[in-house]
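# Fold and geometry: a report
Now for the letters of each chain:
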Amino acid sequence: MAKARIGIIGCGNISNIYLTNLCRSEDVEVAACADADLDRAKERAAQHGVSKACSVEELLADPSIDIVVNLTIPQAHAEISLRALEAGKHVYGEKPLAVTLEEGAQVLEAAAARGLRVACAPETFLGGGIQTCRKLIDEGAIGTPVAASGFMMSRGHENWHPDPAFYYQAGGGPMFDMGPYYLTALVTLLGPIRRVTGSAVITHAERTITSQPKHGQKITVETPTHIAGVLDFASGAVATLVTSFDIAADTALPNIEIYGTAGSLRVPDPNGFGGEVQLRKAGSSEWISIPLTHGFTDNNRGIGVIDMAKAIVEDRQHRAEGKMAYHVLEAMHGFHIASAEGEHYTMKSECIRPEPMPELN
């Protein structure tokens with residue numbers, strides 16, 4: 001497979017940036033776009049010069065497609081991924097891997113049974129911002145990491161997204177929407193998670209859409225919209241993570257900070273690829289900006305797909321690996337389970353830190 005042929009399933013909001021980047025790549029070829037709404041698939045295909053727009057069934061039946069990029073809504077992630085695997089295709093999916101743990105396990109088991117690969121967003125941890133932080137931690141710049149904190153505080157998606165209802169259904173909420181960015185970054189920096197606990201609440205039972213075109217429509221909230229969690233890592237580090245759709249005004253809280261025995265590290269927004277990295281050594285009164293040591297600092301969505309395609313050719317492990325995505329999925333469920341049951345949730349899955357990206361020359 002010298003040049004992987006890609007089929008996009010799901011031509012909604014996020015597909016535009018994936019198509020922009022994948023169509024520019026010399027390592028893959030976008031061969032087809034599919035969507036339950038065929039007109040939407042045709043529109044995206046025409047916009048990006050993709051020669052084929054078709055139904056989901058037709059794309060899955062196309063023997064020339066090597067990798068399916070699953071950009072459907074979360075509730076459809078597992079179904080589409082399983083169908084693609086059954087059709088003999090590798091899968092790269094948007095986050096989360098699935099809505100339920102049972103579905104996530106089915107996806108991994110189906111891939112293993114067929115000798116196929118599963119990869120999953122977010123791939124932002126492959127960008128220069130988090131990779132630079134990984135390098136600093138691995139080189140001992142802050143000593144031994146002992147703690148971390150992360151905050152994702154927002155008003156909710158009904159204020160800007162054209163069709164925000166699914167963010168308030170099962171598989172949505174701030175933890176399942178944005179938690180994967182934070183948890184994937186933390187696993188990249190600190191390693192696998194041992195146990196979690198937390199509190200989760202639905203602050204507003206109903207939300208009103210203020211964006212277009214559904215302005216004024218009501219959304220019944222079915223999933224927690226404010227989650228405060230604690231994570232114990234296998235390495236011994238302890239982290240706090242708060243994700244919320246209930247914050248009316250901006251805060252000055254950091255995205256992620258890592259605290260070590262010899263200093264502290266400010267990690268840029270894990271929903272981006274670049275950003276500013278700041279280091280403060282023990283005994284210093286100032287934060288110092290650290291030049292990024294790795295590339296991919298723009299909106300490089302699609303890099304995880306390309307890394308998987310190249311990994312297949314090179315016979316190595318791809319970085320946005322399915323087991324890590326399942327580990328993150330389990331941690332997110334763990335917060336909800338711990339809140340409901342009033343006790344720690346011990347993780348059952350394992351994963352390894354992905355290999356670092358190559359540094360800039």
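Refer to the structure presented above.
Presented here is a report on the structure given in the accompanying data block. For clarity, every value in this text was computed on a predicted model and none was experimentally measured.

## Remarks on the overall build of the chain
Across its full length, the chain holds 9 helices and 17 strands. Computed over its C-alpha atoms, the radius of gyration of the chain comes to 20 Å, within 12% of the 21 Å expected for a compact globule of 361 residues. Principal-axis analysis of the C-alpha atoms places the extent of the chain at approximately 60 × 50 × 35 Å. Expressed as a percentage of its 361 residues, the buried residues of the chain come to 56%. Counting contacts in the chain only where the partners sit at least 6 residues apart, residues at least 24 apart contribute 71% of the total. Accessible area of the chain: about 15100 Å², with a carbon and sulfur share of 50%. With 30 positive and 43 negative side-chain charges, the chain shows a spacing of 2 Å between the two charge centroids.

## Let's talk about the sheet that holds strand 1 (residues 4-9)
With respect to topology, 6 strands assemble into an open sheet ordered 3-2-1-4-5-6, the strand pairing being parallel. Each end of this open sheet is capped by a strand with a single partner; those strands are strand 3 (53-54) and strand 6 (118-120). Relative to strand 6, strand 5 (residues 90-93) runs parallel, the two sharing 3 bridges. Within strand 6, the residue paired with Gly93 across the bridge is Cys120. Sitting on the sheet, helix 8 (residues 303-314) touches strand 1, strand 2 (28-34), strand 4 (67-70), strand 5 and strand 6, and the angle it makes with strand 5 is about 160°.

## Quick look at the packing of aromatic side chains
For the coordinates displayed, the defined rule picks out 3 aromatic pairs. When the ring centre of Trp287 is taken as reference, the NZ or CZ atom of Arg266 above it lies at 3.9 Å.

## Focus on the pattern of salt bridges
Within the structure shown, the criterion is met by 20 salt bridges. The salt bridge involving Asp177 is made with Lys95; its shortest N-O contact spans 2.9 Å. Taken together, the residues span a long stretch of sequence, with Asp177 in helix 7 (residues 173-190) and Lys95 in the loop between strand 5 and helix 5 (101-114) at a distance of 82 residues. Pair check on accessibility: Asp177 and Lys95 agree, each one buried. Put simply, Asp246 and Arg207 hold a salt bridge, and the shortest N to O gap is 2.9 Å. Of this pair, Asp246 sits in the loop between strand 12 (238-244) and strand 13 (256-260) while Arg207 sits in strand 9 (residues 206-208), and the two are 39 residues apart along the sequence. You can call Asp246 buried: its relative accessible area is 18%. The exposure class of Arg207 is buried, given its relative accessible area of 4%.

## Brief notes about the nonpolar core
Core analysis: the biggest nonpolar cluster contains 109 residues, and Ile6, Leu183 and Ile258 have the highest contact counts within it. If you tally residues by element for this core, the top one is helix 7, at 11 residues.

## A few points about helix 6 (residues 128-138)
Here helix 6 lies mainly inside the structure; 10 of its 11 residues are buried. Those residues of helix 6 that are buried lie in contact with strand 7 (145-153), helix 7, strand 13, strand 14 (263-267), strand 15 (277-281) and strand 16 (288-290). Gly140 sits one or two positions beyond helix 6 and adopts a positive phi of about 85°.

## As for the packing of helix 4 (residues 74-86) against helix 5
One can describe the packing of helix 4 onto helix 5 by two numbers: an axis separation of 10 Å at closest approach and a directional angle of 10°. In terms of orientation, helix 4 and helix 5 fall into the roughly parallel class. Residues Ala78, Ser81, Leu82, Leu85 and Glu86 of helix 4 form the contact with helix 5, whose own contacting residues are Glu103, Gln106, Val107, Ala110, Ala111 and Arg114.

## Things to note about the sheet that holds strand 14
With mixed pairing, 9 strands are arranged side by side in an open sheet as 16-15-14-13-7-12-11-8-17. Since the sheet does not close on itself, it has two edges, and those belong to strand 16 and strand 17 (345-346), each with one partner. Where strand 13 lies against strand 14, 4 bridges are found, and the strand directions are antiparallel. Within the sheet, the bridge partner assigned to Ile256 lies in strand 14 and is Val267. Sheet contacts for helix 6: strand 7, strand 13, strand 14, strand 15 and strand 16; angle to strand 14, the most-contacted strand, approximately 165°. Here helix 7 sits on the sheet and contacts strand 7, strand 8 (193-201), strand 11 (226-233), strand 12, strand 13 and strand 14; the angle it forms with strand 7, its principal contact strand, is near 160°.

The rules behind the values
- Numbering of residues begins from 1 in every chain and follows the order in which that chain's sequence is written.
- Reporting in this predicted model follows two pLDDT cut-offs: at least 70 for local features of residues, and 80 or more for side-chain atom pairs to be given and counted; totals over whole chains, interfaces and linings ignore these cut-offs and use all residues.
- Here the side-chain values reflect all heavy atoms present in the structure, with hydrogen atoms and water set aside.
- In this description a helix means any DSSP run of H or I spanning at least four residues, a strand means any run of E spanning at least two, and both kinds are numbered starting from the N terminus.
- Radius of gyration here uses only the C-alpha atoms, and the compact-globule reference equals 2.2 Å multiplied by the residue count raised to the power 0.38.
- The buried label applies to any residue whose accessible area, calculated with a 1.4 Å probe on protein chains only, is under 20% of its type's maximum; exposed applies above 50%, and partly exposed to all values in between.
- The contact criterion used throughout is that any non-hydrogen atoms of two residues lie within 4.5 Å.
- Throughout, the Shrake-Rupley method with a 1.4 Å probe supplies accessible areas, and for residues the shown protein chains are the sole cover considered.
- Under the convention used here, Asp and Glu are negative, Lys and Arg are positive, and both His and the chain ends fall outside the count.
- Taken as the charge location is NZ of Lys, CZ of Arg, CG of Asp or CD of Glu.
- Paired strands are those between which DSSP finds at least two bridges.
- To define axes, lines are fitted to C-alpha atoms, for helices over the stretch in contact only, and angles between the resulting N-to-C directions are given on a 0 to 180 degree scale.
- Here a Phe, Tyr or Trp ring, Trp counted by its six-membered ring, pairs with any other such ring whose centre lies within 6.5 Å, and the pair is stacked when the planes are under 30 degrees apart, edge-to-face when over 60, and tilted otherwise.
- A ring has a charge above it when a Lys NZ or an Arg CZ is no more than 6 Å from the ring centre and no more than 35 degrees off the ring normal.
- Salt-bridge detection follows one rule: a side-chain nitrogen of Lys or Arg within 4 Å of a carboxyl oxygen of Asp or Glu.
- Among buried residues, those of type Ala, Val, Leu, Ile, Met, Phe, Trp, Tyr and Cys that are joined through side-chain atoms within 4.5 Å constitute a nonpolar core.
- Oblique is the label for any angle not under 35 degrees, not over 145, and not in the 65 to 115 range, which are roughly parallel, roughly antiparallel and roughly perpendicular in turn.

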